[in-house]
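Notes for the structure review
Now for the letters of each chain:
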Amino acid sequence: MAAGQLEQGPTLRVTGADLRTRYCAVRARTEALAARLSPEDQQVQSMADASPAKWHRAHTTWFFETFLLLPHQAGYRVFHERFSHLFNSYYEAVGARIVRASRGMLTRPGADEITAYRAHVDAAMSALLEQCTPAIAALVELGLNHEQQHQELILTDIKHAFFCNPLLPAYRAEVPAPRLSQKLEWREHPGGVVAIGHDGADFAFDNESPRHQVLLRPFRIAARAVSNGEYQAFIADGGYRRPEFWLSDGWARVSDENWETPLYWLKDDDGSAKENSFVFTLSGAQPLDPHAPVEHVSFYEAAAYAAWAGARLPTEFEWEASATADACGPRFDHGEVWEWTRSSYDPYPGFQAFEGVAAEYNGKFMVGQMVLRGGSVATPPGHMRATYRNFFPPQARWQFSGIRLAKDI
Ligand SMILES: [Fe+2]
């Protein structure tokens, strides 16, 4: 969505009643995700890149308080005058905040007080939504999409926290059904000039616009993501020990951090990684399903696998053109893992950040990161779209990130 659209909301096609319903549903889903976690679970921060579940619950609430209630609800009284210091993530314009790596030090406020904070803000938001202008509605929609992003992070981050616990606790009891073997098929794209980016018909983040033309050469793209079984063949062939497949920075990571498998593959009792027969999941330790998509690999591992396989990673433009092409030939299955692309996270030509308070949302992160496309099993329902640009540093492995292959024709 271009900046002007955020402020004016001309394309927002929701009524006040729709937005209230959606607000309640999104907020309730966050609480449902957290309900499986004890207060102790919600407190833990397993690494600087991850945040406590309790912090996610409070930060998403702070977003509505700071960007909606304080500027737009006359007479609104903040729940706690120091909470902005605790729960501001990265908005320089809003003021000082604790450093990210210290979020796990916040034993106070407790989980119950965060629940009360959420209720306080929800009550005030209910009143604000009664008199919702298009500009306010656009900001609410941004706040809801923001909260959905943090819903995914709650799952991503608690998975890492539980993995750090030798008990390997399960977040949920449900276990995914084993997958059927699926032959790797390829879709061909003739190339040419294609339109990339969001058309502005409904909500999108500013980094998805403006829609613009990109020239593609003819290419072939895999119809599904790389499977665990296929990745096991890479490991068995010495993939993690052969520098010829790796980018220089990636090989340094392999060496420095002794990578031998994707992040959550469990080693045998003797500490070796030869069998890799179990993997840590949100359902605890489970047998590795050879037909499920490989996940929790870095960009470096994805690129190395592609080189080993005699292929390459698609650009984000090839990915989007394939995901939106008319159905012909094999289906383009996606949505189980975020898929690394060979595209660095850059602004589209003519990019304009959201105006006003949300200007810091995306644009300032457009350096040193790679784009991922698709979505994962942790992505909230309705939150995926073909133009969505996720982004992480190339060494990141704790996201539900996988691999799709492409080839030149
Ligand atoms: Fe955030």
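In what follows, the accompanying structure is described.

Criteria and thresholds
- Residues numbered from 1 in each chain as written.
- Predicted model: local features only at pLDDT ≥ 70, side-chain atom pairs only at ≥ 80, totals over all residues.
- Heavy atoms only, no water.
- Pairing = 2+ DSSP bridges.
- Helix = DSSP H or I, 4+ residues; strand = E, 2+ residues; numbered from the N terminus.
- Buried < 20%, exposed > 50% of the residue type's maximum accessible area, 1.4 Å probe, protein only.
- Donors = N, O, S within 2.8 Å, 3.2 Å for Na, K, Ca; no water.
- Axes fitted to C-alpha atoms, helices over the stretch in contact; angles between N-to-C directions.
- Parallel < 35°, antiparallel > 145°, perpendicular 65-115°, else oblique.
- Contact = heavy atoms within 4.5 Å.
- Nonpolar A, V, L, I, M, F, W, Y, C, P; charged D, E, K, R; others polar.
- 1 Å grid on protein atoms, 1.4 Å probe; cavity = no way out; pocket = protein on both sides within 12 Å on 5 of 7 lines; lining within 4 Å.
- Points joined across faces, edges and corners; volume = space filled by probe spheres on them.

**Let's talk about the sheet that holds strand 5 (residues 265–266)**
Strand order in the open sheet formed by three strands is 5-6-7, with antiparallel pairing between adjacent strands. Bordering the open sheet on either side are strand 5 and strand 7 (284–287), each of which pairs with just one other strand. Pairing analysis gives two bridges linking strand 5 to strand 6 (residues 278–281), with the strands arranged antiparallel. Looking at strand 6, one finds that Trp265 is bridged to Val279.

**Focus: the pairing of strand 3 (residues 212–216)**
Residue alternation in strand 3 divides its side chains into a buried set, His212, Val214 and Leu216, and an unburied set, Gln213 and Leu215. Looking at chain direction, strand 2 (residues 192–196) and strand 3 are connected through five bridges and run antiparallel. Along strand 3, the bridge assignment pairs Val193 with Leu215.

**What about the coordination of the iron ion?**
Distances from the iron ion to its protein donors, namely His59 (NE2), His146 (NE2) and His150 (NE2), fall within the range 2.1 to 2.2 Å. Here the donor residues of the iron ion are spaced in sequence according to H-x86-H-x3-H. Here His150 and His146 lie together in helix 7 (residues 134–163), a separation of four residues that amounts to about one turn. Like His146, the residue His150 is buried in the burial classification.

**A word on the packing of helix 4 (residues 53–72) against helix 7**
At a minimum axis separation of 9 Å, helix 4 and helix 7 run at an interaxial angle of 170°. By the angle class used here, helix 4 and helix 7 are roughly antiparallel. When helix 4 is examined against helix 7, the residues Ala53, Trp55, His56, His59, Thr60, Phe63, Phe64, Phe67, Leu68 and His72 are found in contact with a partner set consisting of Ile136, Leu139, Val140, Leu142, Gly143, Leu144, His146, Glu147, His150, Leu153, Ile154 and Asp157. Counted by class, the contact of helix 4 with helix 7 contains 13 nonpolar, seven polar and two charged residues.

**Looking at empty space enclosed by the protein**
Under the defined criterion, the tally for this structure stands at two cavities of 30 Å³ or more. Approximately 50 Å³ is the volume attributed to the largest cavity. Taken together, Val44, Gln45, Ser46, Ala50, Ser51, Pro52, Ala53, Ile154, Asp157, Ile158 and Ala161 make up the lining of the largest cavity. Broken down by element, the residue count for the lining of the largest cavity peaks at four residues, all from helix 7. Residues belonging to the lining of the largest cavity are distributed by class as follows: seven nonpolar, three polar and one charged. Gln43, Pro52, Lys54, Trp55, Phe87, Arg103 and Leu106 together form the lining of the second largest cavity. Considered class by class, the residues forming the lining of the second largest cavity number four nonpolar, one polar and two charged.

**With respect to the sheet that holds strand 8 (residues 338–344)**
The four strands are arranged 10-9-8-11 in an open sheet whose pairing can be described as mixed. Only two strands of the sheet have a single neighbouring strand rather than two, namely strand 10 (390–392) and strand 11 (401–402). As paired elements, strand 8 and strand 9 (residues 370–374) share four bridges and run antiparallel to each other. Bridge pairing links Ser344 to Met370 in strand 9. Those strands touched by helix 11 (residues 316–324) are strand 8 and strand 9, and its axis lies near 10° from that of strand 9.

**Details of helix 10 (residues 299–308)**
Counting buried positions along helix 10 gives eight out of ten residues, so the element sits mostly inside the fold. All buried positions along helix 10 are accounted for by Phe299, Tyr300, Glu301, Ala302, Ala303, Ala304, Tyr305 and Ala306. Against the buried residues of helix 10 lie helix 8 (228–236), helix 9 (248–257), strand 8 and strand 9. With its phi angle positive at about 75°, Gly310 sits one or two positions after the end of helix 10.

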